[in-house]
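Each chain, letter by letter, is given below.
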Amino acid sequence: MHSRFLFIIFLIISFVVNAQQKRINIVHADNSTIDEEKYPGATVLLGNVYIEHEGISMRSKKAIHYKKSNVLRAFGDVVLNQGDTITQTSRYVLYNGNTKKATSWGNVILKDQLMTLTTDTLYFDRSKQLLYYKSGATIKDDENVLESKEGNYFLEASKFQALSDVVLTNPEYILKSNHLDYYTNNGQAFLHGPSTITGKDNFIYTEKGFYDTKNNISHFTKNSRIEYKDRIIKADSLYYDRNTEFASATQHIQMKDTLNNSVIRGNYGEFFQKLDSAFVIGRAVAITEMDKDSMYVHGDTLLVTGKPEKRIIRAYHHVKFFKSDLSGKCDSIYTDQQTGLTQLFKDPVLWSQGSQITGDTIHLISNTKTEKLDSLKVLRNAFIVQKDSAGYNQIKGRNILGKFIDNDLQDVNVIGNAESLFYVRNDSDNSLIGIDKTTSSSINFKFKDSQIQSSKSITKPDGGTHPLSEFPENVRILRGFIWREEERPLTKYDIFTKDSVLPEKVKEKPSIADKKIVTKSTKKNNKKPAVTPKRIQKTNNSNVLEIKPKKTLKSIISSKEKPEKKGK
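The text that follows walks through the structure, step by step, so that each part is easy to find. (Residues numbered from 1 in each chain as written. Predicted model: local features only at pLDDT ≥ 70, side-chain atom pairs only at ≥ 80, totals over all residues. Heavy atoms only, no water.)

1. Some points on the layout of surface pockets
Over the atoms, a rolled probe matching the size of one water molecule traces out where space is still vacant. Volume-wise, the second largest pocket comes out at about 540 Å³. Taken together, 26 residues line the second largest pocket, and the ones lying closest to its centre are Thr288, Met290, Thr335, Gln337 and Ser366. Ranked by residues supplied to the lining of the second largest pocket, first place goes to strand 24 (residues 285-290) with five residues. Here the lining of the second largest pocket is built from residues that sort into 13 nonpolar, ten polar and three charged. (1 Å grid on protein atoms, 1.4 Å probe; cavity = no way out; pocket = protein on both sides within 12 Å on 5 of 7 lines; lining within 4 Å. Points joined across faces, edges and corners; volume = space filled by probe spheres on them. Helix = DSSP H or I, 4+ residues; strand = E, 2+ residues; numbered from the N terminus. Nonpolar A, V, L, I, M, F, W, Y, C, P; charged D, E, K, R; others polar.)

Take a look at the structure:
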């Protein structure tokens, strides 16, 4: 019974002590008075007023102390201190000792070890160590100036939560948002909602992201883009280092070249602003506007280098491209947008209308002003094939030079060891007349609507036109013939399909009958019938070709090297 009584006494004493500790302590005042009429239940303190309360101190010229409610109103040059961490000055302060809440107004300036806050009205919840404002404030630290209409400052975390019309100004950029979490101890900013960062050389938009203002490193994760003077980069995820001017993008990326009307898409990419270069991998595709049409180029890796006026695009490994009137594939491709030159390397094949074109290297030259194809070069082992209902029209030689008119290949010069084999048809009824097989040092062909209209040998030709009955099946193809129609991209989506095998070149097998035909034709002065050869697109002819696996691909070529040595 005695111990229980002592326990109750201890609880009462503890309660009284705690209650006394919560009371506002008037340490000093030059003078004090009571004015019940004007300040009922209060003591008016005048001159060098100094009070303390649980870790804070306050000085002012005048104060009104309501002892019973434990409330103090301070007036005139009020200085509030919390330990040695926070110093605040203002004209007025209302402080409640029970709730530990203070309201300050009139030119409020608050300083801690990391920042300075200025506002007209500031609220301080000491129990939560939370400062907040509702009528606008400016926060300054060593690097940045932060302004917003509303905001919270969590003292223990050194975190500002700036809300509504947020503007963060840095010597290198200006950040704007409607919700920004900013940590004054490390300068890290977290963006929520539509936000922009405007720098000297670029502009960033995001709806969610992180920015390290001290180290100038950022990561944006929602509807984000970086805009340069001639490029726009978009992606699901964007990383940016302002120090090195390096950006990387992940998933659904898009790099748009506003000067050259081209776009690169893929699933991962990197951009080096100082080097003016970028590369993209993962379903990468470059899209370039050409003559009111678009060219789609896909490769395992796309590399873009050079200033806008001298931009070069490279694609490496498993390259395919598609345009409504032109498509092709190769191992690597090189495009100079300034000169309009495009080079295809390593087993290239090009389909232009009804023609299949192959060679060791293929060059396409575009008119940079009209954006139309101008000319074609096929260097070494050049071959053009067209399908006929009876077989294949074929042209081959060491090199082939071609001229495009309105993107249609109309003039072809076969230079060196020229050979041709095509089916001659009557213009009137399209009936088959025979097969023309000719060899010469050089031959010129005229095309129209993908059909051979005429041919002219530069030197004395060897060969002529013969009936089908005199031309066996086994000599109706030229040495090196290969038909690659199954590899042809027919839509822009087909460029992403990788071919597992390649058909092997079919070697011509000369026969005794073939030798007789050649001997016989040379005695007829090689005169051709007065008919215009004509080609039919559809065919029921089927050839079975041998196939072999692809060769192992080499590693990606250095960005400073071209895919292969150019053809001369």
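So that's the structure; there's more coming.
2. Considerations on the pattern of salt bridges
One pass over the structure, following the stated rule, counts 23 salt bridges. A salt bridge links arginine 231 to aspartate 276; the nearest nitrogen and oxygen atoms lie 2.6 Å apart. With arginine 231 in strand 19 (residues 231-235) and aspartate 276 in the loop between strand 22 (262-272) and strand 23 (277-281), the pair connects residues that are 45 residues apart, well separated along the chain. Owing to a relative accessible area of 9%, aspartate 276 belongs among the buried residues under this scheme. Three or more residues are tied together by salt bridges with common partners; here these are Asp230, Arg231, Asp257, Asp276 and Arg311. (Salt bridge = Lys/Arg side-chain N within 4 Å of Asp/Glu carboxyl O. Buried < 20%, exposed > 50% of the residue type's maximum accessible area, 1.4 Å probe, protein only.)

3. Remarks on the environment of aspartate 112
On the secondary structure map, aspartate 112 appears in the loop between strand 7 (101-111) and strand 8 (116-125). Excluding residues within four positions of it along the chain, aspartate 112 makes contact with Thr85, Ile86 and Tyr153. A polar atom in the side chain of aspartate 112 sits 2.8 Å from the backbone nitrogen of leucine 114. Looking at aspartate 112, its side chain comes within polar contact range of the side chain of tyrosine 153, at 2.7 Å. (Contact = heavy atoms within 4.5 Å. Polar contact = N/O pair within 3.5 Å; in protein donor to acceptor, adjacent residues only side chain to side chain.)

4. Considering the pairing of strand 17 (residues 217-222)
Sheet analysis places strand 16 (residues 203-212) next to strand 17, joined by five bridges and oriented antiparallel. Its bridge partner being in strand 17, phenylalanine 210 is matched across the sheet by histidine 219. Between strand 16 and strand 17, which pair antiparallel and follow one another directly, the connecting turn spans four residues, one of which, asparagine 216, has a positive phi of 60°. Here four bridges tie strand 17 to strand 20 (residues 237-241), and the two strands are oriented antiparallel to one another. From the neighbouring strand, phenylalanine 220 faces strand 20, where its bridge partner is leucine 238. (Pairing = 2+ DSSP bridges.)

5. Let's talk about the environment of asparagine 243
When you line up the elements, asparagine 243 lands in the loop between strand 20 and strand 21 (246-257). Asparagine 243 sits in the partly exposed class, given a relative accessible area of 45%. Distance from asparagine 243 to asparagine 215, taken between C-alpha atoms, is 8.0 Å for residues 28 residues apart in sequence. Residues within four places of asparagine 243 in sequence aside, it is in contact with Asn215, Asn216 and Lys274. In terms of polar contacts, asparagine 243 uses its side chain to reach the backbone carbonyl oxygen of asparagine 215, at 2.7 Å.

6. Some points on the nonpolar core
Among the nonpolar cores identified, the biggest contains 93 residues, and Met58, Leu117, Leu146, Phe160, Leu180, Leu376 and Phe445 are the most heavily contacted of them. Here this core gets six residues from one element, more than from any other, and that element is strand 35 (residues 408-425). Excluding its chain neighbours within four sequence positions, the residues that come into contact with leucine 180 are Leu146, Phe160, Gln161, Ala162, Val166, Leu168, Leu175, Ala189, Phe190 and Leu191. Val385, Ala390, Val475 and Phe481 belong to the second largest nonpolar core, which has 13 residues in total. (Core = buried A, V, L, I, M, F, W, Y, C linked by side-chain atoms within 4.5 Å.)

Spatial relationships are all this shows, so hold off on functional conclusions.
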